[in-house]
Amino acid sequence: MARKKAATVYQPSADNDVWGIPTEKWCEVLSFLLAVVAIFIALSLVGEDLGHPWIGAVGHGAAYGLHIVLGDWAAYALPALLVLAGMHALRGSTPLHPARKAVSAVLILVSLCAGRSLYWVLTDPTTSPADKEAFAQNAFKAGGVVGAWLTSTTSYSLNLGAVFGPVGAYLLCAAMLVLGTMLSTDFLFLPFLHRLAGSARSRVADWKRPAPVTTLHFTREESSGRIFPAMAAAD
């Protein structure tokens, strides 16, 4: 009679466990908390913009603060980044890789804030004080405190448009966005680009290949002896 295989019993490890909970379980807990916070922030932002206080006074304060700090678009990027971080925490053995995730989130948010404010700063007509004030308010609303500090022409800001020029400022924002995206995920972009280039080359080669030549020939039916035409494509 075959012996039954003994059941594997988990033995807590003092090196990897905290409060008797393994690292994998902490990753699950962290991903759940990040998802809850992301949903909370997203509902607060949408409710504030639509005029429906779905999350009450706390949601109103959170949405107002995020709009002030990050502006209109970048505020919505924050819950998306939290969801992405939660997905990585759920799959990984090390919760979040904190330093890399923090740097990637900062780069993405800063690039969005600066890019949104740059449009209003660079299109400032500088004709009248009233117009300049309106454009400054629009730049602040679009990019928040972060965008205004990076792009406005005041003495306390970095004024990226003047330092790097219009094209250079937008290029810097795009570079920060791409770099932040690359750091935020473990996806390898170079093999993907190689596959994409190979697919493009194959499509171009198929497009350049000449179409097959269709020829007309006659065949004889064995049973009746009748002759009838047939079409054939030559390679």
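Above this text you will find the structure in question.
Bear in mind that the values here come from a model prediction, so they are computed numbers and not experimental data.

### Examining the side chain of S117
Following the sequence through the fold, S117 ends up in helix α3 (residues 98–122). Accessibility expressed as a relative area gives 0% for S117, which makes it buried. A distance of 2.9 Å separates the side chain of S117 from the backbone oxygen of A139, its partner in a polar contact. The residues contacting S117, other than those within four sequence positions of it, are A139, A142, G143, G147, A148 and T151.

### Here's the deal with the packing of aromatic side chains
Across all of its chains, the model carries one aromatic pair by this definition. Pairing Y119 with W120 gives two aromatic rings, centres 5.3 Å apart and planes at 80°, and the pair type is edge-to-face. Sitting above the plane of the W73 ring, R116 keeps its charged end 3.9 Å from the centroid.

### Some remarks on the pattern of salt bridges
Oppositely charged side chains can form a pair if their charged atoms are brought close together. For the structure on display, the rule yields two salt bridges. Between E28 and K25 there is a salt bridge; the shortest N-O distance is 3.0 Å. With a gap of three residues between them, E28 and K25 both fall in helix α1 (residues 23–50), about one helical turn apart. For E28, a relative accessible area of 39% translates into the label partly exposed. Relative accessible area serves as the criterion here: at 40%, K25 is assigned to the partly exposed category.

### Observations regarding α3
Between the first and last C-alpha of α3 there are 35 Å, a value that for 25 residues agrees with the 36 Å anticipated at 1.5 Å per step. Buried residues of α3: K101, S104, L107, I108, L109, S111, C113, A114, S117, L118 and V121, and no others.

### Concerning the layout of surface pockets
If you add up the space inside the second largest pocket, you get close to 160 Å³. Forming the walls of the second largest pocket are L78, L81, L82, L84, A85, K101, S104, A105, L109 and S184. Secondary structure elements with two or more residues in the lining of the second largest pocket: α2 (56–91) and α3. Ranked by residues supplied to the lining of the second largest pocket, first place goes to α2 with five residues. For the lining of the second largest pocket, the residue count by class is seven nonpolar, two polar and one charged.

### Digging into the packing of α3 against helix α5 (residues 160–184)
Their axes nearest at 8 Å, the elements α3 and α5 cross at an angle of 150°. With respect to their mutual orientation, α3 and α5 come out roughly antiparallel. Note on packing geometry: the crossing formed by α3 with α5 is left-handed.

### Describing the environment of L33
Here L33 lies in helix α1. Judged by relative accessible area, L33 falls into the partly exposed class, the value being 46%. Sequence-wise, L33 and V83 are 50 residues apart; in three dimensions their C-alpha atoms are separated by 9.9 Å.

### Things to note about the nonpolar core
If you look at the biggest cluster of nonpolar residues, it comprises 17 residues, and the most contacted ones within it are I41, L45, L66, L70 and L109. Elements represented by at least two residues in this core include exactly α1, α2 and α3. The contact partners of I41, leaving out residues within four places of it in the chain, are L66, L78, P79 and L82. One finds A114, L118, L160 and C173 within the second-largest nonpolar core, a separate group that totals six residues.

### Digging into the side chain of S111
Relative to the assigned elements, S111 resides in helix α3. Contacts of S111, omitting those with residues within four sequence positions, involve C173, M176 and L177.

### Points about a nonpolar patch on the surface
A cluster of nonpolar residues, F187, L190, F192, L193 and L196, forms a patch on the protein surface that exposes about 490 Å² of accessible area. Turning to its location among the elements, F192 is positioned in helix α6 (residues 189–208).

### With respect to unusual backbone geometry
Located in the positive-phi region is N159, a residue other than glycine, with phi close to 55°. Tracing the sequence through the fold places N159 in the loop between α4 (129–151) and α5. By relative accessible area, N159 is classed as buried at 17%.

Rules and cut-offs
- Position numbers for residues start from 1 in each chain and track the written sequence from start to end.
- A pLDDT threshold of at least 70 governs which residues receive local features in this predicted model, and a stricter bar of 80 or more applies before side-chain atom pairs are shown or counted, although totals over entire chains, interfaces and linings include all residues.
- With hydrogens and water set aside, each side-chain value is computed from the structure's full complement of heavy atoms.
- By the criteria applied, helices consist of DSSP H or I runs no shorter than four residues and strands consist of E runs no shorter than two, each listed in order from the N terminus.
- Throughout this description, buried means an accessible area under 20% of the type-specific maximum (1.4 Å probe, protein chains only), exposed means over 50%, and partly exposed covers the range between.
- Here a polar contact means two N or O atoms within 3.5 Å. Within protein one must be a hydrogen donor candidate and the other an acceptor candidate, and residues neighboring in sequence count only if both atoms are side-chain atoms.
- The contact criterion used throughout is that any non-hydrogen atoms of two residues lie within 4.5 Å.
- Think of it this way: a Phe, Tyr or Trp ring, Trp meaning its six-membered ring, pairs with another when their centres are within 6.5 Å, and the plane angle makes it stacked under 30 degrees, edge-to-face over 60, tilted otherwise.
- As a reminder, the over-ring test applies to NZ of lysine and CZ of arginine, requiring each to be within 6 Å of the ring centre and within 35 degrees of the ring normal.
- Any Lys or Arg side-chain nitrogen located within 4 Å of an Asp or Glu carboxyl oxygen qualifies as a salt bridge.
- Here, expected helix span is obtained from the residue count minus one, scaled by 1.5 Å.
- A pocket here means an open set of points on a 1 Å grid, computed over the protein atoms alone, that has protein on both sides within 12 Å along at least five of seven lines. A cavity is instead a set of points where a 1.4 Å probe fits but cannot get out; residues with an atom within 4 Å of a point line either one.
- Grid points are joined across faces, edges and corners, and a volume is the space filled by probe spheres set on the points.
- Note that Gly is not counted as nonpolar here; it falls among the polar residues with everything else outside the nonpolar set of Ala, Val, Leu, Ile, Met, Phe, Trp, Tyr, Cys and Pro and the charged set of Asp, Glu, Lys and Arg.
- Note on geometry: axes are lines fitted to C-alpha atoms, helical ones only across the stretch in contact, with angles between N-to-C directions running from 0 to 180 degrees.
- If an angle is under 35 degrees, it is roughly parallel; if it is over 145, roughly antiparallel; if it lies from 65 to 115, roughly perpendicular; otherwise it is oblique.
- For a crossing to be left-handed, the near helix must be turned anticlockwise from the far one by less than a right angle; the clockwise case is right-handed.
- Take the buried residues of types Ala, Val, Leu, Ile, Met, Phe, Trp, Tyr and Cys, join any two whose side-chain atoms come within 4.5 Å, and each joined set is a nonpolar core.
- Each patch is built from residues lacking any salt bridge and having more than 30% relative accessible area; the joining distance is 9 Å for like charges and 5 Å for nonpolar side chains (Val, Leu, Ile, Met, Phe, Trp, Tyr).
- Note that accessible areas follow from Shrake-Rupley with a 1.4 Å probe, and for residues the cover is restricted to the protein chains shown.

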